[in-house]
Amino acid sequence: VSTINLLMAEAAGPIGWQLAAQLPRRKKGHGLLPAPGWDPEAGWEDEPIPIRDLPGIDNPAEGFLVSANNQPVPTEAMDQWPWMGADWLDGYRQARISEVLATRADWDVAGMLALQQDRVAVAWRDFAPHILAPEVAVQAGADGPIAAALAVLRDWDGALRGDPSSAWVMK
């Protein structure tokens, strides 16, 4: 299976995205579980799914498109499309790129380079309330390595850094 996200744009005009793929049509199931090879209904159809039957977007209201190996359509809309697989990234990178792109419209090469090097871990916003919940701290005790780790996490701004001065780097 070969899958490509095509993003298209004209300098002063429309933009678009199209999932371009050679996705096979299964006769039965999705291929996530083994199927008996002797079952004639467990094989493949002769032709792949036509590209015209795959998702795409023209001129989204946001004014930009983001593709980051994420699920091509929202979960609630997946049943409206042919089966496209189940192995997608979690969507956090796409969410962060969308978040940053929405902050301005005057993008240039330097701005795009900075976006490519962005290290904000959007997932931390979802996980922090659960990890730093008071009951976790109580279970960890007032001191010890878990309490020390929680203290570091409480002060963490959610940006992934590799510099030695970062509190996130183990010392």
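That block above? That's the structure.
Residues numbered from 1 in each chain as written. Predicted model: local features only at pLDDT ≥ 70, side-chain atom pairs only at ≥ 80, totals over all residues. Heavy atoms only, no water.

Enquirer: Account for helix H1 (residues 92-101), with residues named and values stated.
Expert: Of all the positions in H1, only Arg96, Ile97, Val100 and Leu101 are classed as buried. Along the axis of H1, the buried positions cluster into a sector of 130°, meaning they face one direction only. Check the buried side of H1 and you find it contacts helix H2 (109-116) and helix H3 (122-131). (Buried < 20%, exposed > 50% of the residue type's maximum accessible area, 1.4 Å probe, protein only. Helix = DSSP H or I, 4+ residues; strand = E, 2+ residues; numbered from the N terminus. Arc of directions from axis to C-beta. Contact = heavy atoms within 4.5 Å.)

Enquirer: Tell me what's going on with the packing of aromatic side chains, and back it up with residues and numbers.
Expert: Evaluated as defined, the whole model comprises 2 aromatic pairs. Relative to Phe127, the ring of Tyr92 lies with its centre 6.3 Å away and its plane at 65°, an arrangement referred to as edge-to-face. Of this pair, Tyr92 sits in helix H1 while Phe127 sits in helix H3, and the two are 35 residues apart along the sequence. Its relative accessible area of 42% is what places Phe127 among the partly exposed residues. A cation over an aromatic ring shows up here: Arg104 above the ring of Trp107, its NZ or CZ 4.3 Å from the ring centre. (Phe/Tyr/Trp six-rings, centres within 6.5 Å; stacked < 30°, edge-to-face > 60°. Lys NZ or Arg CZ within 6 Å of the ring centre and 35° of its normal.)

Enquirer: Lay out the pairing of strand E2 (residues 15-21) in plain terms, naming residues and giving numbers.
Expert: Counting buried positions along E2 yields 6 of 7 residues, so the element is predominantly enclosed. Sheet analysis places E2 next to strand E3 (residues 56-58), joined by 3 bridges and oriented antiparallel. Opposite Gln18, over in E3, you have Gly56 as the bridge partner. (Pairing = 2+ DSSP bridges.)

Enquirer: Describe the pattern of salt bridges, listing the residues and the values that go with them.
Expert: Counted under the stated rule, the structure contains 9 salt bridges. One salt bridge in this structure joins Arg104 and Asp106, with 2.8 Å as the shortest N-O distance. Asp106 gets classed as exposed once you look at its relative accessible area, which sits at 53%. One salt bridge connects Arg161 with Asp157, and the closest N-O pair in it is separated by 2.6 Å. On the basis of relative accessibility, which here comes to 52%, the residue Asp157 falls in the exposed class. Residues joined in a network through salt bridges with shared partners are Arg93, Arg96, Glu99, Asp118 and Arg125. (Salt bridge = Lys/Arg side-chain N within 4 Å of Asp/Glu carboxyl O.)

Enquirer: Go over the packing of H1 against H3 with me, naming the residues and quoting the values.
Expert: Geometry of a packed helix pair, given as the angle between the helix axes and the separation of the axes. Contact geometry for H1 and H3: axes closest at 7 Å, N-to-C directions at 115°. The angle between H1 and H3 places the two elements in the roughly perpendicular class. When H1 is examined against H3, the residues Tyr92, Arg96 and Glu99 are found in contact with a partner set consisting of Val122, Ala123, Arg125, Asp126 and Phe127. When grouped by side-chain class, the residues that make up the contact of H1 with H3 number 4 nonpolar, no polar and 4 charged. (Axes fitted to C-alpha atoms, helices over the stretch in contact; angles between N-to-C directions. Parallel < 35°, antiparallel > 145°, perpendicular 65-115°, else oblique. Nonpolar A, V, L, I, M, F, W, Y, C, P; charged D, E, K, R; others polar.)

Enquirer: Go over a nonpolar patch on the surface with me, naming the residues and quoting the values.
Expert: Taken together, the side chains of Ile4, Leu6 and Met8 define a hydrophobic patch exposed on the protein surface, amounting to about 260 Å² of accessible area. Inspection of the secondary structure assignment puts Leu6 in strand E1 (residues 3-9). (Patch = residues over 30% accessible without salt bridge, like charges linked within 9 Å, V, L, I, M, F, W, Y side chains within 5 Å. Areas by Shrake-Rupley, 256 points an atom, 1.4 Å probe, with all protein chains shown as cover.)

Function cannot be read off these values alone, since they describe shape.
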